[in-house]
Amino acid sequence: MATINEIQDEIIDEFSSLDDWMDRYQMLIDLGNELTPLDDQYKTEQNLIDGCQSRVWVSCEMNDGRMHLNAESDALIVKGIVALLLRVLSDQTPEDILHADLYFIERIGLREHLSPTRSNGLLAMIRQIKTYAKDILDNGTGADSNGTVGTA
């Protein structure tokens with residue numbers, strides 16, 4: 001299994017081949033369109049990210065000591081950002097997620113090309129995923145009897 005930094009480096013390489021930001025936005029939209037839709041049972045208030053202009057839900061299930069993340073957004077570019085976050089953080093350990101330096105966001109130029117509200121939403125998504133990781137570490141499994149975290 002690839003580490004968080006190895007996955008980030010892959011993403012940086014993929015985006016570095018695109019000089020035009022319109023191409024990068026299109027890549028984000030394409031990534032978002034490939035994202036597996038989140039089951040409606042996880043589209044709860046508890047999983048809704050506060051601070052996002054669009055609606056974003058993030059849920060987490062523990063599987064063999066790793067956090068499996070699922071998410072969805074109702075906005076195309078945000079959905080692509082969600083897809084990138086899931087690619088980097090899903091199926092990693094809570095410890096690795098909690099201590100991850102998500103440098104790919106700066107290196108691909110994402111932060112500087114997002115509106116302030118989208119940038120705040122990105123930070124809110126990262127904060128929520130790290131909160132799930134912290135809760136899991138603080139509470140043992142942090143999951144309910146079905147192995148889910150952050151679901152109603």
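Heads up: the structure comes first, above all this text.
What counts and what doesn't
- Residues numbered from 1 in each chain as written.
- Predicted model: local features only at pLDDT ≥ 70, side-chain atom pairs only at ≥ 80, totals over all residues.
- Heavy atoms only, no water.
- Helix = DSSP H or I, 4+ residues; strand = E, 2+ residues; numbered from the N terminus.
- Axes fitted to C-alpha atoms, helices over the stretch in contact; angles between N-to-C directions.
- Parallel < 35°, antiparallel > 145°, perpendicular 65-115°, else oblique.
- Left-handed = near helix turned anticlockwise from the far one by under 90°.
- Contact = heavy atoms within 4.5 Å.
- Nonpolar A, V, L, I, M, F, W, Y, C, P; charged D, E, K, R; others polar.
- Expected span 1.5 Å × (residues − 1).
- Polar contact = N/O pair within 3.5 Å; in protein donor to acceptor, adjacent residues only side chain to side chain.
- Salt bridge = Lys/Arg side-chain N within 4 Å of Asp/Glu carboxyl O.
- Core = buried A, V, L, I, M, F, W, Y, C linked by side-chain atoms within 4.5 Å.
- Buried < 20%, exposed > 50% of the residue type's maximum accessible area, 1.4 Å probe, protein only.

> Just to check I follow, could you spell out the environment of D9 for this structure?
Its location among the elements puts D9 in helix α1 (residues 4-16). A C-alpha to C-alpha distance of 9.1 Å links D9 and Y103, two positions 94 residues apart in sequence.

> It is not clear to me how the packing of helix α3 (residues 76-89) against helix α6 (residues 116-138) should be interpreted in this structure. Could you clarify?
Each pair of packed helices can be summarised by the angle the axes make with each other and by the distance between the axes. Put simply, α3 and α6 touch, their axes get as near as 11 Å, and they point 30° apart. Comparing the axis directions of α3 and α6 gives the class roughly parallel. Pair α3 / α6 crosses with right-handed handedness. Note on element contacts: α6 touches α3 through R118, L122, M125, I126 and I129, opposite I77, V78, I81, V82, L85 and L89. Residues belonging to the contact of α3 with α6 are distributed by class as follows: 10 nonpolar, no polar and 1 charged.

> Would you explain helix α2 (residues 21-34) in this entry?
Since one α-helical turn is 3.6 residues long, residues separated by three or four positions face the same way. When the terminal C-alpha atoms of α2 are compared, their 20 Å separation across 14 residues agrees well with the 20 Å that a helix rising 1.5 Å per residue should span. Elements in contact with the buried residues of α2: α1 and α3. The distance from a side-chain oxygen at the start of α2 to the backbone nitrogen of M22 is 2.7 Å, and the residue carrying that oxygen is D20.

> Explanation requested: the pattern of salt bridges in the structure shown.
Once their charged atoms are close, side chains differing in charge can pair, the charge on each being opposite to the other. The tally for this structure, following the rule as stated, stands at 6 salt bridges. In this structure, E14 engages R87 in a salt bridge whose closest nitrogen and oxygen atoms are separated by 2.7 Å. With E14 in helix α1 and R87 in helix α3, the pair connects residues that are 73 residues apart, well separated along the chain. Counted as one network, the salt bridges with shared partners bring together E10, E14 and R87.

> Any chance you could explain the nonpolar core here in plain terms?
Here is a general trend for soluble globular proteins: nonpolar side chains tend to be buried in one another's company. The biggest cluster of nonpolar side chains holds 48 residues, and the ones touching the most others in it are L89, L102, F104, L110, L122 and M125. Broken down by secondary-structure element, the contributors of at least two residues to this core are α1, α2, β1 (56-63), β2 (66-73), α3, α5 (104-107) and α6. Per-element tally for this core: the top contributor is α3, with 10 residues. Once residues lying within four places of it in the same chain are set aside, the contact partners of L102 are I4, Q8, L85, V88, L89 and I126.

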